[in-house]
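Residue-level listing of the chains:
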Amino acid sequence: MGVGNCAASLIQGIEYYRKNGKAKEENLGVMNYDLGGYLPEDIEVAAAFDIDKRKVGERFDVALNAKPNCVMVLHNHLPKSKVTVQMGPVLDGVSEHMAEYPPERTFIVANKKPVNVEQVLRDSGSEILLNYLPVGSEEATQFYAEACLKTGVGFINCIPVFIISDPKWAKRFEDKHIPCVGDDIKAQIGATITHRTLAKLFEDRGVKIDRTYQLNTGGNTDFLNMLNRDRLKSKKISKTAAVQSQLDVPLEEDNIHIGPSDYVPWQNDNKVCYLRIEGRGFAGFPVTLECRLSVEDSPNSAGVAIDAIRCCRLARDRNI
């Protein structure tokens, strides 16, 4: 796993449920507290990989608080981790334009040789690898997917690089009975799942959608990375397809726009989404909906990742 904002949110969440999980009224933020007998607090970190010099070589719980992480901190007292963050291969994981920004906002690549990822996965007893690389990291994601295939480790791909949805990659995992989950992740109450739900509502109520957009702004490294539009092709395909799938007749390309619109540093990990849907209702009368959604981006994803991890473990148990 990359030791970024999402990892920090995930670990905060695990500690939250470890302390509060037995009280039902405290089971906030997960769709399934008990999933096949596995609870959020059953998840343990066995290994961690990153490329930033402020994280590589540090204890995992220390690295979670290192820049450029800007996640909201709700639980300061994380237990000391026995895991040390190891240097992963950079490959295409860092966009060149990131070097133009202040160090507290961007990545600083460590001057260290990458470890043998396959050996670390074996030695650590890792069962599942969670991929939270920056959007557009095609080569790096394929590298970690290959490592999972060689070591028998389950693979959860949280970014829009097509591995599990690629028939050739999927068959390789299936042939080896290695569970894989992905690609990309929809937050619990995020922009895309909200957009999908509203689009389905229009369809179900007989309103013809003519055009729609979804514009997102944020201030974390994910949004900074996505200023490089060359890295966005797979993300736009993924998010657009998610909304189009709710429509009986897909919209023409010019009438649907979904994707990040800008990086606003002071927003930090807060993500703001603007939605607009234009359509025609009874007898062709116009219907327009506008919506503004504000969420903490990384925790919104972490809650879904906790379910994905446990689903992947259940699949391992059942040799699926």
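In case you missed it, the structure is sitting above this.
Here's what I pulled together on the structure shown here. Treat the numbers as computed from the prediction; the structure is a model and nothing was measured.

Looking now at the packing of aromatic side chains. Here the structure, examined in full by the defined rule, presents 6 aromatic pairs. Ring centres 5.1 Å apart and planes at 85 degrees place the aromatic pair Tyr16 and Tyr17 in the edge-to-face group. One exposure class covers both Tyr16 and Tyr17, and it is buried. With a centroid separation of 5.9 Å and 50 degrees between ring planes, the pair formed by Phe49 and Tyr144 is classed as tilted. Pair noted here: Phe49 is in strand S1 (residues 48–50) and Tyr144 is in helix H4 (residues 138–151), with a separation of 95 residues, a long-range link. Of the two residues, Phe49 and Tyr144, neither departs from the other in class, the shared state being buried. Through successive ring pairs, a cluster of aromatic residues spans Tyr16, Tyr17 and Tyr33. Here Arg172 stacks its cationic end above the ring of Trp169, 5.1 Å away from the centre of that ring.

Take the sheet that holds strand S3 (residues 128–131) next. Pairing is parallel in the open sheet, where 3 strands are placed in the order S3-S4-S5. With partners counted over all chains shown, the strands left at the sheet margins are S3 and strand S5 (180–181), one partner each. Bridge count for S3 against strand S4 (residues 154–157) is 4 bridges, and the pairing is parallel. Each bridged residue has a counterpart across the sheet, and for Leu129 the counterpart in S4 is Phe155. Together, S3 and S4 form the strand contacts of H4, whose direction differs from that of S4 by roughly 160 degrees. Lying over the sheet, helix H9 (residues 297–317) contacts S3, S4 and S5, oriented at roughly 155 degrees with respect to S4.

The rules we used
Residues numbered from 1 in each chain as written. Predicted model: local features only at pLDDT ≥ 70, side-chain atom pairs only at ≥ 80, totals over all residues. Heavy atoms only, no water. Phe/Tyr/Trp six-rings, centres within 6.5 Å; stacked < 30°, edge-to-face > 60°. Buried < 20%, exposed > 50% of the residue type's maximum accessible area, 1.4 Å probe, protein only. Helix = DSSP H or I, 4+ residues; strand = E, 2+ residues; numbered from the N terminus. Lys NZ or Arg CZ within 6 Å of the ring centre and 35° of its normal. Pairing = 2+ DSSP bridges. Contact = heavy atoms within 4.5 Å. Axes fitted to C-alpha atoms, helices over the stretch in contact; angles between N-to-C directions.

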